[in-house]
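# Descriptive structure summary
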Amino acid sequence: MKQTVLITGANSFIAKHIIPILEKDYNIKLLTRSPKAENEFTWDVHSKTIDPKALDGVNYIIHLAGSKLNDGTPLTEERKKMVYESRIGASDFLRDELKKRQQKITAFVSASAIGYYGYQDNTFEIDENGKKGIGFAADLSEDWEKAADRFKEDGTAKHVSKIRVSLVLGNESGIFPIYESLVKNNPTIIFQEGHNSVPWNHVEDMAGIFAFAVQHKLDGVYNSVAPVPASQQDIYKAISNELHLNKTEDIMPFNGQHLVSNKIQNAGYHFKFPSIQEAVQNLYK
């Protein structure tokens, strides 16, 4: 008998790529404000309401819901509160609902963010023990992860994992269409200066890591970044090469400060698109 995975943020970019990976072996339930399919259920974090059928038979929860932090609007105190409530508030609400039902789950897998890091470490390779940054994004990520840990602390979930999400490269959404537009509109951008690392990941690997956390009942925090680091200029070069806009030199190994994904790889996850060249080539297939 298949076990059941409930996914919040059901209409998100990442969720749409997680579902095909898991639906072969698990029943999938989705939480959304506007359910349309038989396996979609309504909830509203702000009014603290949820269709009780959504939690029936649930063994795993993947928590992706959350208002965008950088959506182009001013980060006012009101918006900060909304962003906080949509992540931490939503997590606490789900845990409270499970406790009311005296329902235990096998694992709670929560999104977090690379906004946690301050990049103040005196090392090139920053792992999950990297120093926390200063400011709202870092505090938000820390509290997001603490909210996930509460599932294990009170016994609601046997396993808890937190996936620190990086910039997602995919055709439908994320940062890639923006990069592509920049290169198309200004092909010389690839020759400009810019050698800082960009923490990136192909959407299929991003989704794959969340699915892997469910399948292997992972515990702890994991960086979701591609194993081969790249600068912003490396990404521009890879796009330009695929579009045949400019003949560029080969992308050289990046040797600056960057996040690493050794922990998830040591857990057994194998990246489909480890390098920026492989990722961009796939997106143009």
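Below or above, wherever it landed, is the structure these notes cover. (Residues numbered from 1 in each chain as written. Predicted model: local features only at pLDDT ≥ 70, side-chain atom pairs only at ≥ 80, totals over all residues. Heavy atoms only, no water.)

### Overview of the pairing of strand β3 (residues 40-44)
Working note: regular strand, side chains alternate between the two faces of the sheet. Two elements, strand β2 (residues 26-32) and β3, share three bridges in a ladder whose sense is parallel. Within the sheet, the bridge partner assigned to Leu30 lies in β3 and is Glu40. When β3 meets strand β4 (residues 49-50), the two strands line up antiparallel, connected through two bridges. The residue of β4 that forms the bridge with Trp43 is Ile50. Between β3 and β4, which pair antiparallel in sequence order, lie four residues; one of them, Lys48, sits at a positive phi of approximately 55°. (Pairing = 2+ DSSP bridges. Helix = DSSP H or I, 4+ residues; strand = E, 2+ residues; numbered from the N terminus.)

### Re the pattern of salt bridges
Pairing is possible between side chains of opposite charge, provided their charged atoms come close. Tallying each qualifying case throughout the model produces 15 salt bridges. Measuring nitrogen to oxygen at the nearest pair gives 3.1 Å for the salt bridge that ties Lys100 to Glu97. With Lys100 and Glu97 both in helix α2 (residues 77-100) and three residues apart, this pair spans about one turn of that helix. The network of salt bridges with common partners includes Asp92, Arg95, Lys99, Arg150 and Asp154. (Salt bridge = Lys/Arg side-chain N within 4 Å of Asp/Glu carboxyl O.)

### A few points about the pairing of β2
The buried fraction of β2 is high, at six of seven residues. In this structure, strand β1 (residues 3-8) lies alongside β2, joined through five bridges in parallel fashion. For Ile7, the partnering residue across the bridge sits in β2 and is Leu30. You can see the chain leave β1, run along helix α1 (residues 13-22) and come back into β2, and the turn it takes is right-handed. (Buried < 20%, exposed > 50% of the residue type's maximum accessible area, 1.4 Å probe, protein only. Right-handed = clockwise from strand over helix to strand, strands pointing away.)

### Remarks on the packing of helix α6 (residues 232-243) against helix α8 (residues 276-283)
Two elements in contact, α6 and α8, have axes separated by 9 Å at closest approach and are oriented at 40°. Comparing the axis directions of α6 and α8 gives the class oblique. You can see that α6 and α8 cross each other, and the crossing is right-handed. Every residue of α8 that contacts α6 at Asp234, Ile235, Ala238, Ile239 and Glu242 is listed here: Ile276, Val280 and Gln281. (Axes fitted to C-alpha atoms, helices over the stretch in contact; angles between N-to-C directions. Parallel < 35°, antiparallel > 145°, perpendicular 65-115°, else oblique. Left-handed = near helix turned anticlockwise from the far one by under 90°. Contact = heavy atoms within 4.5 Å.)

Keep in mind these numbers describe shape, not what the thing actually does.
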